[in-house]
Amino acid sequence: QKKDAASSEKVLRVGCNADFAPFEFQSEDSKEYTGFDMDLIRAVGKEMGYKVDIQNINFDGLIPSMEAGNIDVIISGMTINDERKNKVLFSKPYYQSGLTIVVKGDNDAIKEFKDLDGKKIAVQIGTTGATEAKTIPNAVVKEFNSSADTFMELKAGGVDAVVNDRPVNDYYLAKSGEKNVKRLSEVLTAEDYGIAMSKKNPELAKQIDEALDKLKANGEYDKIYETWFGK
Ligand code: GLN
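Please read these numbers as outputs of a predicted model, since none were measured by experiment. (Residues numbered from 1 in each chain as written. Predicted model: local features only at pLDDT ≥ 70, side-chain atom pairs only at ≥ 80, totals over all residues. Heavy atoms only, no water.)

Trainee: So, the site of the ligand: which residues are in play, and what are the values?
Mentor: Neighbouring the ligand are Phe 20, Phe 59, Ser 76, Gly 77, Met 78, Thr 79, Arg 84, Gln 124, Thr 127, Thr 128, Asp 165 and Tyr 193. A distance of 2.8 Å separates an oxygen atom of the ligand from a polar backbone atom of Thr 79. With respect to the ligand, the side chain of Gln 124 contributes an N or O atom lying 2.7 Å from an oxygen atom. Within the complex, 100% of the 300 Å² of free accessible area of the ligand lies under protein. Of the residues that constitute the shell around the ligand, the class distribution is 4 nonpolar, 6 polar and 2 charged. Each of domain 1 (2-95 + 192-229) and domain 2 (99-183) accounts for three or more of the residues forming the shell around the ligand. (Near = heavy atom within 4 Å. Polar contact = N/O pair within 3.5 Å; in protein donor to acceptor, adjacent residues only side chain to side chain. Areas by Shrake-Rupley, 256 points an atom, 1.4 Å probe, with all protein chains shown as cover. Nonpolar A, V, L, I, M, F, W, Y, C, P; charged D, E, K, R; others polar. Domains from an automatic or database assignment.)

Trainee: Please set out the domain arrangement of the protein residue by residue, giving values where relevant.
Mentor: In terms of domains, the protein is made up of domain 1 (2-95 + 192-229) and domain 2 (99-183). If you average the C-alpha positions of domain 1 and of domain 2, the two centres end up 26 Å apart. With 18 residues of domain 1 at the interface, the matching set in domain 2 holds 15 residues. Both sides of the domain 1 and domain 2 interface together cover about 1200 Å² of buried area, and 53% of this is carbon and sulfur. A per-residue breakdown of the area domain 1 buries against domain 2 is headed by Asp 19, Phe 20 and Phe 59, which together make up 33% of the total. Our enumeration of links across domain 1 and domain 2 arrives at 0 salt bridges. Looking at the side of domain 1 that touches domain 2, the elements with two or more residues in it are β3 (19-20) and α8 (220-229). (Contact = heavy atoms within 4.5 Å. Buried area = accessible area lost by both parts, 1.4 Å probe. Salt bridge = Lys/Arg side-chain N within 4 Å of Asp/Glu carboxyl O. Helix = DSSP H or I, 4+ residues; strand = E, 2+ residues; numbered from the N terminus.)

Trainee: Got a sec to walk through the sheet that holds strand β5 (residues 33-34)? Specific residues and values, please.
Mentor: If you trace the 3 strands from one edge of the open sheet to the other, you get β3-β4-β5, paired in antiparallel fashion. Single-partner strands in this sheet number two, and they are β3 and β5. With 2 bridges connecting them, β3 and strand β4 (residues 24-26) associate as antiparallel partners. Note on β4: the bridge partner recorded for Asp 19 is Phe 25. (Pairing = 2+ DSSP bridges.)

Trainee: Lay out the pairing of strand β10 (residues 99-104) with the relevant residues and their values.
Mentor: Counted residue by residue, β10 has 5 buried out of 6 residues, so it is predominantly covered. Sheet topology note: the β10/strand β14 (residues 181-183) ladder contains 3 bridges and is antiparallel. Paired with Val 103 across the strands is Lys 182, a residue of β14. (Buried < 20%, exposed > 50% of the residue type's maximum accessible area, 1.4 Å probe, protein only.)

Trainee: Would you mind going over the packing of aromatic side chains in detail, with residue names and values included?
Mentor: Within this structure, the stated rule accounts for 19 aromatic pairs. Note on Phe 20 and Phe 23: the rings are 6.1 Å apart at their centroids and 35 degrees apart in plane angle, and the pair reads as tilted. There is no split in this pair, since Phe 20 and Phe 23 are both buried. Between Phe 23 and Phe 36, the ring centres sit 6.0 Å apart and the planes meet at 90 degrees, which makes this aromatic pair edge-to-face. (Phe/Tyr/Trp six-rings, centres within 6.5 Å; stacked < 30°, edge-to-face > 60°.)

Trainee: How would you summarise the sheet that holds β10 if you had to cite specific residues and measurements?
Mentor: In spatial order, the strands read β12-β11-β13-β10-β14; together these 5 strands make up an open sheet with mixed pairing. Of all strands in the sheet, those with a lone pairing partner are β12 (140-144) and β14, marking the two edges. Between one strand axis and the next, the sheet turns through 30 degrees on average, direction left out of account. Sheet contacts for helix α5 (residues 147-156): β10, β11 (120-124), β12, β13 (161-165) and β14; angle to β13, the most-contacted strand, approximately 160 degrees. In this fold helix α6 (residues 166-175) packs onto β10, β13 and β14, with an angle of close to 115 degrees to the strand it touches most, β13. (Axes fitted to C-alpha atoms, helices over the stretch in contact; angles between N-to-C directions.)

This is the structure in structure tokens:
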């Protein structure tokens with residue numbers, strides 16, 4: 001963590017991939033980073049007495065960027081899993097997620113995961129959705145930098161389906177006013193999001209967990225949750 005020269009305030013350098021609404025995205029008018037994760041990490045920073053400095057990085061570049069020492073924490077709808085635990089420390093889980101499938105509105109051939117056999121699927125590079133899609137027999141998996149790009153590819157007819165995180169799919173369908181796509185009800189996985197820190201920084205990981213505990217105890221976490229997901 002660095003000090004801001006002007007204010008001598010401690011700065012927490014946060015990395016995210018800001019194309020993952022409602023967790024992290026840029027507001028259309030102000031270009032400010034906004035979303036559930038952004039509110040949560042700002043509240044965590046405040047609790048710890050840090051100013052939060054947010055950097056927008058490709059999802060598959062987040063862990064390398066932290067390993068290179070350019071950021072202190074990652075909050076980016078990142079699922080806690082064993083592969084990543086080899087490289088980083090995770091906070092306590094802060095959100096329960098899972099993968100779902102989105103298809104074109106008039107597609108009646110794909111009703112569940114097993115119908116994806118032999119189909120073309122769009123996923124975001126470096127995500128659990130990409131890993132899951134690659135287990136489908138005979139599927140052609142096309143990888144994109146952002147979830148927004150996977151939806152574009154579906155609409156353009158380049159793929160039959162998108163495999164992506166449930167809350168992000170739900171938000172896209174609710175907010176985009178998109179009538180030509182639909183989500184399937186099956187949830188493929190159970191995943192927990194965590195905030196990631198460098199293995200060199202166990203002290204920071206402890207502080208983040210303590211801050212999360214406080215925000216859960218004082219109702220702040222619930223307030224942020226309701227802002228983005230309702231009651
Ligand atoms: N939760 C998924 C993962 O961790 C996707 C995250 C994302 O695209 N921001 O792989």
